[in-house]
Amino acid sequence: MKRAILTLSLILAPLLSQADIKIFACEPEWAALAQEIGQQHVDTYSATTAFQDPHYIQARPSLIAKVRNADLVICSGAELEIGWLPVLLQKANNRDVMPGSSGYLETSGLVERFDATTNLDRSQGDIHPQGNPHVQSDPRNIAVIAKTLAERMRELDPANAADYQAALADFLARWDLAISAWEEKGVSLRGKLVITHHKSWVYLERWLGLIEVANLEAVPGLPPTVGHLSTLSAKFEQGGADFIIRSPYQDARASNWLSERTGIPELELPLTVGGSDRATDLFALFDEIIDKLLAAAK
Ligand SMILES: [Zn+2]
């Protein structure tokens, strides 16, 4: 019996051991990336799922507790989380993850950010005044961010620095190959004209050579209005776009409506990990995005 208990405790020991770095990610893509680089040394938590709009989240007490216990907070930034992250950080009062510390990482600040506006007047409803925060839709951005993320992990947990370095090298080798394969596969998408619900896809469009011709939101963050949709319906009556894209958390009625009136096919694309049955990790996410675009383009 004693022996059985000893054996059981040996089996359970690795499962019960504390993670070296506790990571609070604002969005699933950063939790997934942290898992790729941190492997067994990290415990990752995502504040949002692929079925939630990261612009609008409640600063729940359970999230405050997670931030209080975190060693690293990783978020898109550029005001994507302005409605809830500052509240979480303030209430959690965890000095290790405050902006400016090595335990705080804003991913959109690491890459070239599109569409920063000089018009600081937000009365028009534009929720991307600091530029577009949805940087994860270009896999090349993810490679850049992975490098800085690994650096932070080495800094926060020097004892396992070699493991983070090795996992980064392994990830980047596989990721670069995957990017080449996606680019080759997606070459026929170049020049396709897209209408998107929200301005979620500007980085994907640049990467694949897609051309955005309209958004269902008149201004980023302003829900599609009947007036704006009617204008689009008249403008695209004779076609003029190859597909209408929405994300799983966006109301399908607007894209349904426009698709019915214009005959332009609509499709739902996962914007992050977990956004479809297949998109279980970062690799599968882009497999899914490319395949769905190709299927819709036929
Ligand atoms: Zn946005």
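Refer to the structure above for everything that follows.
Not measured: the values here are computed from a predicted model.

Peer 1: Kindly report on the overall build of the protein, identifying the contributing residues and their values.
Peer 2: Scanning the protein for helices and strands turns up ten helices and eight strands. Over its C-alpha atoms, taken along the principal directions, the protein stretches across nearly 75 × 40 × 40 Å. When each of the 298 residues of the protein is scored for burial, the buried share is 50%. Of the contacts made within the protein by residues no fewer than 6 positions apart, 64% connect residues no fewer than 24 positions apart. As displayed, the protein offers around 13,900 Å² of accessible surface, 54% of which is attributable to carbon and sulfur atoms.

Peer 1: I'd like a description of the state of the cysteines, backed by residues and values.
Peer 2: For the structure shown, the criterion picks out one disulfide. Between the sulfur atoms of C26 and its disulfide mate C75 the distance is 2.0 Å. For the disulfide bridge between C26 and C75, the dihedral angle about the S-S bond is near 55°, and by the sign convention the bridge is right-handed. On the criterion of sequence distance, the pair formed by C26 in the loop between strand 1 (21-25) and helix 2 (28-38) and C75 in strand 3 (residues 72-75) is long-range, its members being 49 residues apart. According to the relative accessible area criterion, C26 is buried, its value standing at 0%.

Peer 1: An account of the pairing of strand 3 is requested, with residue identities and associated values reported.
Peer 2: Here strand 3 shows two buried faces, one formed by L72 and I74 and the other by V73 and C75. As judged from the three bridges shared by strand 1 and strand 3, these two strands associate in the parallel manner. In the strand pairing of strand 3, I23 is matched with L72. Pairing of strand 3 with strand 4 (residues 104-106), which is carried by three bridges, proceeds in the parallel orientation.

Peer 1: Which residues make up the sheet that holds strand 2 (residues 42-46), and what values go with them?
Peer 2: The four strands are arranged 2-1-3-4 in an open sheet whose pairing can be described as parallel. In this open sheet, the two strands that pair with only one neighbour each are strand 2 and strand 4. Strand-to-strand twist of the sheet, defined as the mean angle between neighbouring strand axes without regard to direction, takes the value 20°. The sheet contacts of helix 3 (residues 61-68) involve strand 1, strand 2 and strand 3, and relative to strand 1 the element is tilted by about 140°.

Peer 1: Lay out the packing of aromatic side chains in plain terms, naming residues and giving numbers.
Peer 2: Applying the stated criterion across every chain, the model contains ten aromatic pairs. Ring plane angle 80° and centroid distance 5.2 Å describe the contact between W175 and W182, whose orientation is recorded as edge-to-face. Grouping residues by exposure puts W175 and W182 together as buried. Among the aromatic residues, ring-to-ring pairing joins F171, W175, W182, W207, F283 and F286 into one connected group. For K66, the ring lying beneath its charged end belongs to Y45, and the centroid distance is 4.6 Å.

Peer 1: Report on the side chain of S276, specifying residues and quantitative values.
Peer 2: Residue position: S276 is located in the loop between strand 8 (266-268) and helix 10 (282-297). Within polar-contact distance, the side chain of S276 engages the side chain of E288 at 2.7 Å. Not counting the four nearest positions on each side in its chain, S276 is found in contact with P270 and E288.

Peer 1: I'd like a description of the coordination of the zinc ion, backed by residues and values.
Peer 2: H55 (NE2), H128 (NE2), H134 (NE2) and H198 (NE2) make up the full set of protein donors to the zinc ion, lying at 2.0 Å. For the zinc ion, the four donor atoms in the first shell make angles of 105 to 117° at the metal, a pattern classed as tetrahedral. Taken in sequence order, the residues that donate to the zinc ion follow the motif H-x72-H-x5-H-x63-H.

Peer 1: Hey, could you go over the environment of S230 for me, with residue numbers and the actual values?
Peer 2: Residue position: S230 is located in helix 8 (residues 226-235). The class for S230 is partly exposed, based on a relative accessible area of 35%. Note: C-alpha distance between S230 and W257 (27 residues apart in sequence) is 9.8 Å.

Peer 1: With reference to specific residues and values, describe unusual backbone geometry.
Peer 2: Positive phi outside glycine occurs at E79, with the angle close to 70°. Looking at where E79 falls in the secondary structure, it is placed in the loop between strand 3 and helix 4 (85-92). Phi is positive for N93, which is not a glycine, with a value near 50°. With a relative accessible area of 58%, N93 lands in the exposed category.

Analysis parameters
- Residues numbered from 1 in each chain as written.
- Predicted model: local features only at pLDDT ≥ 70, side-chain atom pairs only at ≥ 80, totals over all residues.
- Heavy atoms only, no water.
- Helix = DSSP H or I, 4+ residues; strand = E, 2+ residues; numbered from the N terminus.
- Buried < 20%, exposed > 50% of the residue type's maximum accessible area, 1.4 Å probe, protein only.
- Contact = heavy atoms within 4.5 Å.
- Areas by Shrake-Rupley, 256 points an atom, 1.4 Å probe, with all protein chains shown as cover.
- Disulfide = S-S within 2.5 Å.
- Pairing = 2+ DSSP bridges.
- Axes fitted to C-alpha atoms, helices over the stretch in contact; angles between N-to-C directions.
- Phe/Tyr/Trp six-rings, centres within 6.5 Å; stacked < 30°, edge-to-face > 60°.
- Lys NZ or Arg CZ within 6 Å of the ring centre and 35° of its normal.
- Polar contact = N/O pair within 3.5 Å; in protein donor to acceptor, adjacent residues only side chain to side chain.
- Donors = N, O, S within 2.8 Å, 3.2 Å for Na, K, Ca; no water.
- Tetrahedral: all angles 85-135°; square planar, octahedral: opposite > 155°, others 65-115°.

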